[in-house]
Amino acid sequence: MSEIGTRLAHVMDRIRAAEKRSPYGQEVTLVAVTKFHPLSDMEEVIHLGVTEVGENRVQEMEGKFKALTLPVRWNLQGHLQKNKVKKAVAMADLIQSVDSLSIMEEIDKRAGEIGKVQDVLLEFNISGEESKTGLTPDSLEEAAEKAGNLSHIRVVGLMCMAPEYEDVELTRPVFRKGHGLFETLKEKFPKGQISILSMGMTHDFEIAIEEGANMVRIGTAIFGPRQYH
């Protein structure tokens, strides 16, 4: 087995073990984060059974999107600038990083132009870090109401990130808060619509799963260190 295959199998084992420890009984979806990794790496994990890939930058997604011939679900999870929304909507199956009401409106507008209803996650800054983008937890009501009035987006859940603590246990209260917001968000939309809680990356995904995440975004643990260019 290749190095990527070995790492992927190890990650999947860790995900399944964390599922068993979780009190929520959820099934977890892996998004393989391919940013700064070549198309060949993406193709390899898809051949190994990965069904969802994640990119952070629209420009990089565009290159891979045009070149890839294999079926996969595309997740965009990086901060989205207004001038990139049109391209993002043309490619992404799920935009995870709806971090402001203005971006929500722009996605709705661009999706409407091509007759698409765009699935999105609301991104909340639950750690309160100034360096992170995201809606504030107390704006949930307003964001949900706004989304409910837009006909070309469909909120299907929420996304959040925890700080990169050296002691990974410190992420637990952050993820717990994320799960609380997820439960609150469910009440604001039709039954069954809010189904995705995207929390956890390479360094903290097991705790995120234990605290209720049903989607994790993992790059380094599968592909190795990023090749910045």
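Our structure's up above, just so we're on the same page.
Before going into details, it helps to say that this report is about the structure given with it. Small disclaimer: the values here were computed from a predicted structure and weren't measured. (Residues numbered from 1 in each chain as written. Predicted model: local features only at pLDDT ≥ 70, side-chain atom pairs only at ≥ 80, totals over all residues. Heavy atoms only, no water.)

**Focus: the overall build of the chain**
To be explicit about the condition: The helix count covers DSSP runs of H or I at least four residues long, the strand count covers runs of E at least two residues long, and both are numbered beginning at the N terminus. Note that the radius of gyration is over C-alpha atoms, with the globule rule given as 2.2 Å times the number of residues to the power 0.38. The buried label applies to any residue whose accessible area, calculated with a 1.4 Å probe on protein chains only, is under 20% of its type's maximum; exposed applies above 50%, and partly exposed to all values in between. Contact definition: two residues touch when any of their heavy atoms are within 4.5 Å. Just so you know, the count uses Lys and Arg for positive and Asp and Glu for negative, and it drops His and the chain ends. Where a charge lies is defined by one atom per residue type, namely NZ (Lys), CZ (Arg), CG (Asp) and CD (Glu).
The number of helices and strands found in the chain is 9 helices and 8 strands. Taking 17 Å as the expected radius of gyration for a compact globule of 229 residues, we find that the chain reaches 17 Å, a close match to that expectation. Along the longest, intermediate and shortest principal axes, the C-alpha atoms of the chain span 50 × 40 × 35 Å. Here the chain holds 229 residues, and 51% of them are scored as buried. Considering only intrachain contacts with a sequence separation of at least 6, the fraction spanning at least 24 residues in the chain is 61%. Side-chain charges of the chain comprise 28 positive and 35 negative groups, with the mean position of each set lying 4 Å from the other.

**A word on the pairing of strand β6 (residues 153–160)**
As a reminder, the rule being used: Convention used here: a crossover is right-handed provided that the path from the first strand, over the helix, to the second strand proceeds clockwise when the strands point away from the viewer. What makes two strands pair is DSSP finding at least two bridges between them.
The buried fraction of β6 amounts to 7 of the 8 residues, a majority that puts the element mostly inside the structure. In this view, the connection linking strand β5 (residues 118–123) to its parallel neighbour β6 by way of helix α6 (residues 140–148) has right-handed handedness. Relative to strand β7 (residues 196–199), β6 is paired through 4 bridges, and the arrangement is parallel. Residue pairing across strands places Met159 opposite Ser198, the latter belonging to β7. At this point the chain moves from β6, through helix α7 (residues 172–186), to the parallel β7, and the crossover so formed is right-handed.

**Observations regarding helix α2 (residues 39–47)**
Filter applied, for reference: This arc corresponds to the set of directions leading from the helix axis out to the C-beta atoms.
Among the residues making up α2, those that are buried are Asp41, Met42, Val45 and Ile46. Considered in projection along α2, the buried side chains sweep an arc of 135° and stay on one side of the axis. Residues of α2 that are buried sit in contact with α1 (3–21), β1 (29–33), β2 (52–55), α3 (58–67), β3 (73–76) and α9 (220–223). In the segment just after α2, Gly49 is the residue with positive phi, at about 110°.

**A word on the packing of helix α5 (residues 101–113) against α6**
Operational definition: Axis lines are fitted through C-alpha atoms, for helices just across the contact stretch, and the angle between N-to-C directions can take any value from 0 to 180 degrees. If an angle is under 35 degrees, it is roughly parallel; if it is over 145, roughly antiparallel; if it lies from 65 to 115, roughly perpendicular; otherwise it is oblique. Handedness of a helix crossing follows the sense of rotation of the near helix relative to the far helix, less than a right angle counterclockwise being left-handed and clockwise being right-handed. As a working rule, the residues Ala, Val, Leu, Ile, Met, Phe, Trp, Tyr, Cys and Pro are called nonpolar, Asp, Glu, Lys and Arg charged, and the rest polar, with Gly in that last group.
Packing of α5 against α6 leaves a shortest axis separation of 11 Å and a crossing angle of 15°. Judged by the inter-axis angle, α5 sits roughly parallel to α6. Both α5 and α6 take part in a crossing whose hand is right-handed. Facing Leu101, Met104 and Glu105 of α5, the residues of α6 in contact are Glu142, Ala143, Lys146 and Ala147. A breakdown of the residues in the contact of α5 with α6 according to their chemical character gives 4 nonpolar, no polar and 3 charged.

**Concerning the packing of α1 against α2**
Running from amino to carboxyl end, α1 crosses α2 at an angle of 50°, the nearest separation of the two axes being 10 Å. Classed by the angle they form, the pair α1 and α2 counts as oblique. Considering the relative orientation of α1 and α2, their crossing is right-handed. For the pair formed by α1 and α2, the contact residues are Ile4, Gly5 and Leu8 on the first element and Asp41, Glu44 and Val45 on the second. Here the contact of α1 with α2 is built from residues that sort into 3 nonpolar, 1 polar and 2 charged.

**Points about the pattern of salt bridges**
Where we set the bar: Salt bridge, as applied in this entry: a Lys or Arg side-chain nitrogen positioned within 4 Å of an Asp or Glu carboxyl oxygen.
Under the counting rule described, the total for this entry stands at 20 salt bridges. With its nearest N and O atoms 2.9 Å apart, the salt bridge here joins Arg172 to Glu211. Of the two residues, Arg172 sits in helix α7 while Glu211 sits in the loop between α8 (205–210) and β8 (215–218), which places them 39 residues apart along the sequence. Neither Arg172 nor Glu211 differs from the other in exposure class; each is buried.

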